[in-house]
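Inside the fold
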Amino acid sequence: MENLADIVRREQPLAEKLVAATRAHEQRAAVRAREVIALATAASPSPRKPTAALAARRAQATTIGPKPIRATPFILRDPKLIPQREFLFGRHYVRRYMSATFGAGGGGKSAHAVTEALAMTTGRYLLGEPPKQPLRVWYANAEDPMEEIERRFAAAAIHYNITADQLGDRLFTDSGREQSFVVVREDRRETRILEPVVDSIIAEIKAREIDVLIVDPFVSTHEVDENDNSRIQRVAEQWVRVAQEANCAVELIHHVRKTTGTGEITADDGRGAGALKDKARSVRVVNGMSKDEAASLGVPEHDADLYFRVSFGKANMARRGGRASWRKFMPVWLGNGGGNLNAGDEIGVVTEWHPPTAGDLANEVPADALAAIKARIAGGDYRENAQARDWAGHVVAEVLSIDTSEKPERKRIERLLRAWIAAGELAVETRIDPVRRVNKTFVVVPHHPEN
Amino acid sequence: MNISEKSSTAAEILARFDPESYDDDRLERFLTTDDAGAGIEFLRDEGIDPAPVLAAVGAVKLLNTSNSTALYRPELDHSGTGVVHEFANNGPPAIAFPIIEDGRFVDLLLIGTNDFSFDTLLGETCWLGRDALTSATVRLHKHPLDWLDAGCTGVCHIAPFSRAEFAEFRGVERIECSDIHLAMEVLGWAFDGDEDELKRFFIDDEPQNIREFFLQEEQFKAEVARINAERTKPHEPVDWTRSIEELVRGY
């Protein structure tokens, strides 16, 4: 066993010498190559005399140097002449901007990105409004092996009946296990931007004319302390630079810090420093369906894991307060099990899901139960206010055996009452409270001629 | 977590652990699984003496797991390696054993028997053998199987995505390690790369690995220096007296 100080003293100079020798060898080879070119050039015909235009350019060329910084006067011009922001998909993917999606593990961020990539590539209506035209998308998953990426896209293609023709040559997928997407690295005391990697990504996006780059997950694109704001800012800056220089939208998928599992995830819950959120023009958050939401939306509690919603956690360019979009995992079997009895890998594919409306919930109540509710309400004075002791909802609860001590269940009853009122099965009437002698609203059964 | 008697043996700690006190039924599954010695058999196959392991952790069991990445759940991927081990009725087997810290049963470590990937069940700790970090001399193991092989002595860092915990080495006077890369990471993260702290580290890695490590480091430094030099190089004025062919060659 040897002391590390001794090892460093012995090995470091040796390594330095080896690398320097290699470099010197390369330099000698480069000098030799230049000499060969010079000899070949000497044998070539003499150059043409410069024309007047060339002479002018020459004069200009000799002044090339560092560009001085200038303050540019602002000119107010017709707004119609200003280029419109180029929203590529929804209000989240914007050309020349970096966006991010935050979510807890298992929340479906990656699977969601896969379906979004297919929606953008095919131009089909898979999740929300399709893009104006099919886009060229590069999905770079820095963690999963290539075959896992292939499984996910294949499963989504099966579910949505997407053919190779629909994809064309517009989809690109890569795994970080085969090529590194690390753009910033920390090496002891230095934070190094891996310029060759960044330049290479930009060059590839330009060469392939890619519109959208999805990088999943952000944490795999750097090797710096993720809690250090200035370092994470440098990482985020590289992706902003990619979006800007390559003229594409960059989407970063990011994990959130560990939560207790009960709280709502917000854009402030991203793992590590907050600089990523601050650099992104749009941040979405992915939240799983809570027990309360499952109950009020009529989803069995044991199925709640299959549902999640995507909402804007920070949107510099989209209207605030937008409604969340619900998504649902649909299991898809790839059929790669090699036999009739083995369906092969099961993959969760993200689909759009619309929560049942109050009318949908009301339609699930049997006609005889509704008749019983109406008969009971017609026979008494039942208030519309859910806080009232004689709330009409208690009648509904009794007939349908619903426990009103649970808040989600009370919400469900409120939605049922609203649906029946909207459908004309019940009505609201303002009249004098027989006890307190003040105006109150009551739920009543309307008097139709046929009743 | 209901046990906090440091003097208890691992088996006693395990026997008295009440899984009901922790809101996760996977621990109960581990405790109630009848392993019939398969975990011990795995250790023997790997050339690991089971006796000191059992004394240190109380039990080693072989369980079926599911490490499907179909619905990959990063919150369960405590190691950050992209592999999640969950108990399941079918799937690749993994050995599981309790992680005990300060006389308490804090988590389970699972090691896949097919690829030796590992992860904690609950993400409650980043270490195997964390108690050893209070010693003057500590051996740092690269992989949990190395830690088991050493009779559960020394420490093993089991959360590769995070290195902040390396700061816990600051109180250790002598750090022994058989992996030069890991040792240098500890130097960087625990001691801010301070060369004066090199003397704390004692390495018994293969000479070839050590040489390769330093060579790669130097190559990386040289590459960064070359790129930075190119980026900061001022534009040279174009010499228009040269022929077009020369200009093309020059670029």
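What counts, and at which threshold
- Residues numbered from 1 in each chain as written.
- Chains lettered and ligands numbered in written order.
- Predicted model: local features only at pLDDT ≥ 70, side-chain atom pairs only at ≥ 80, totals over all residues.
- Heavy atoms only, no water.
- Helix = DSSP H or I, 4+ residues; strand = E, 2+ residues; numbered from the N terminus.
- Expected span 1.5 Å × (residues − 1).
- Salt bridge = Lys/Arg side-chain N within 4 Å of Asp/Glu carboxyl O.
- Buried < 20%, exposed > 50% of the residue type's maximum accessible area, 1.4 Å probe, protein only.
- Pairing = 2+ DSSP bridges.
- Axes fitted to C-alpha atoms, helices over the stretch in contact; angles between N-to-C directions.
- Parallel < 35°, antiparallel > 145°, perpendicular 65-115°, else oblique.
- Left-handed = near helix turned anticlockwise from the far one by under 90°.
- Contact = heavy atoms within 4.5 Å.
- Nonpolar A, V, L, I, M, F, W, Y, C, P; charged D, E, K, R; others polar.
- Core = buried A, V, L, I, M, F, W, Y, C linked by side-chain atoms within 4.5 Å.
- Right-handed = clockwise from strand over helix to strand, strands pointing away.
- Phe/Tyr/Trp six-rings, centres within 6.5 Å; stacked < 30°, edge-to-face > 60°.
- 1 Å grid on protein atoms, 1.4 Å probe; cavity = no way out; pocket = protein on both sides within 12 Å on 5 of 7 lines; lining within 4 Å.
- Points joined across faces, edges and corners; volume = space filled by probe spheres on them.

Some thoughts on helix α13 (residues 407-423) of chain A
- Taking 1.5 Å as the rise per residue, α13(A) with 17 residues should run 24 Å; its terminal C-alpha atoms sit 24 Å apart, in good agreement.
- A:G424 lies just past α13(A) and shows a positive phi near 85°.

With respect to the pattern of salt bridges
Residues and elements named next belong to chain A.
- A full pass over the atoms with the stated rule returns 35 salt bridges over all chains.
- Residues R152 and E148 are paired through a salt bridge, measuring 3.8 Å at the closest nitrogen-oxygen approach. Remark: E148 and R152 occur in helix α4 (residues 146-160); sequence separation between them is 4 residues, near one turn of the helix.
- Judged by its relative accessible area of 7%, R152 is buried.

Quick notes on the sheet that holds strand β6 (residues 127-128) of chain B
- Spatially, the 6 strands line up as an open sheet ordered β1(A)-β10(B)-β9(B)-β7(B)-β8(B)-β6(B), and their pairing is mixed. Each of the sheet's edge strands pairs with one partner strand only, and the pair in question is β1 (2-3) of chain A together with β6 of chain B.
- Where β1(A) meets strand β10 (residues 201-203) of chain B, 2 bridges bridge the pair, whose relative direction is antiparallel. Bridge pairing links A:N3 to B:F202 in β10(B).

Section: the sheet that holds strand β16 (residues 382-383) of chain A
- If you walk across this open sheet you meet the 3 strands as β16-β18-β17 (chain A), and the pairing is antiparallel. The sheet is open, and its two edges are formed by β16 and β17 (427-432) of chain A, each paired on a single side.

Here's the deal with the packing of helix α11 (residues 367-378) of chain A against helix α12 (residues 392-400) of chain A
All names here are of chain A.
- Orientation of α11 relative to α12, taken along the N-to-C sense of each, is 140°, at an axis distance of 10 Å. With respect to α12, the element α11 is oriented oblique. Of the two possible hands of crossing, α11 and α12 adopt the one that is right-handed. Taken together, the residues of α12 that come into contact with α11 (itself represented by A369, A372, I373, R376 and I377) are A392, V395, V396, E398, V399 and L400.
- Taken together, the residues of the contact of α11 with α12 sort by class into 9 nonpolar, no polar and 2 charged.

Considerations on the nonpolar core
Residue and element names in this part refer to chain A.
- Counting 37 residues, the largest nonpolar core has L213 and W239 as the members making the most contacts within it.
- Of all the secondary-structure elements, those providing two or more residues to this core are β4 (98-103), β5 (137-141), α6 (195-208), β9 (212-216), α7 (229-246), β11 (249-255), α8 (275-279) and β12 (282-288).
- The leading source of residues in this core is α7, at 7 residues.
- If you look at the next biggest cluster of nonpolar residues, it comprises 36 residues, including F89, I162, L167 and V349.

Details of the pairing of strand β7 (residues 137-141) of chain B
All names here are of chain B.
- In terms of strand pairing, β7 meets strand β9 (residues 174-177) through 4 bridges, oriented parallel. Note on β9: the bridge partner recorded for V138 is I175.
- As judged from the 2 bridges shared by β7 and strand β8 (residues 155-157), these two strands associate in the parallel manner. In the strand pairing of β8, L140 is matched with V155.
- In the classification by handedness, the crossover that spans β7, the intervening helix α5 (residues 144-149) and the parallel β8 is right-handed.

What about the packing of aromatic side chains?
Residue and element names in this part refer to chain A.
- Under the defined criterion, the tally for this structure stands at 13 aromatic pairs over all chains.
- Their ring planes at 65° and their centres at 6.0 Å tell us that W138 and F181 sit as a pair that is edge-to-face. Placement of W138 in strand β5 and of F181 in the loop between β6 (171-175) and β7 (184-187) is noted, with a sequence separation of 43 residues between them.
- For F181, a relative accessible area of 6% gives the class buried.
- A centroid spacing of 5.4 Å and a plane angle of 75° characterise the contact between Y139 and F153, whose relative ring orientation is edge-to-face. With Y139 in strand β5 and F153 in helix α4, this pair connects stretches of sequence that are 14 residues apart. Pair check on accessibility: Y139 and F153 agree, each one buried.
- Taken together through their ring pairs, the aromatic side chains of Y307, W326 and W353 make up a single cluster.

Considering unusual backbone geometry
- Cis peptide bonds are those with omega within 30 degrees of zero, and the linkage from A:D216 to A:P217 qualifies with -5°.
- Note on placement: A:P217 falls in the loop between β9 and β10 (222-223).
- Of note in this structure, A:R96 is not a glycine but carries a positive phi near 75°.
- Although it is not a glycine, B:D192 adopts a positive phi angle of roughly 55°.
- Of note, B:D192 is situated in the loop between α6 (180-191) and β10.
- A relative accessible area of 52% places B:D192 in the exposed class.

A few points about the layout of surface pockets
Residue and element names in this part refer to chain A.
- Approximately 1,200 Å³ is the volume attributed to the second largest pocket.
- Lining the second largest pocket are 42 residues, and of these G90, R91, G128, E129 and S325 sit closest to its centre.
- Listed by contribution, the elements that provide at least two residues to the lining of the second largest pocket are β2 (87-89), β13 (307-315) and β14 (325-333).
- Within the lining of the second largest pocket, the residues separate by chemical class into 18 nonpolar, 10 polar and 14 charged.

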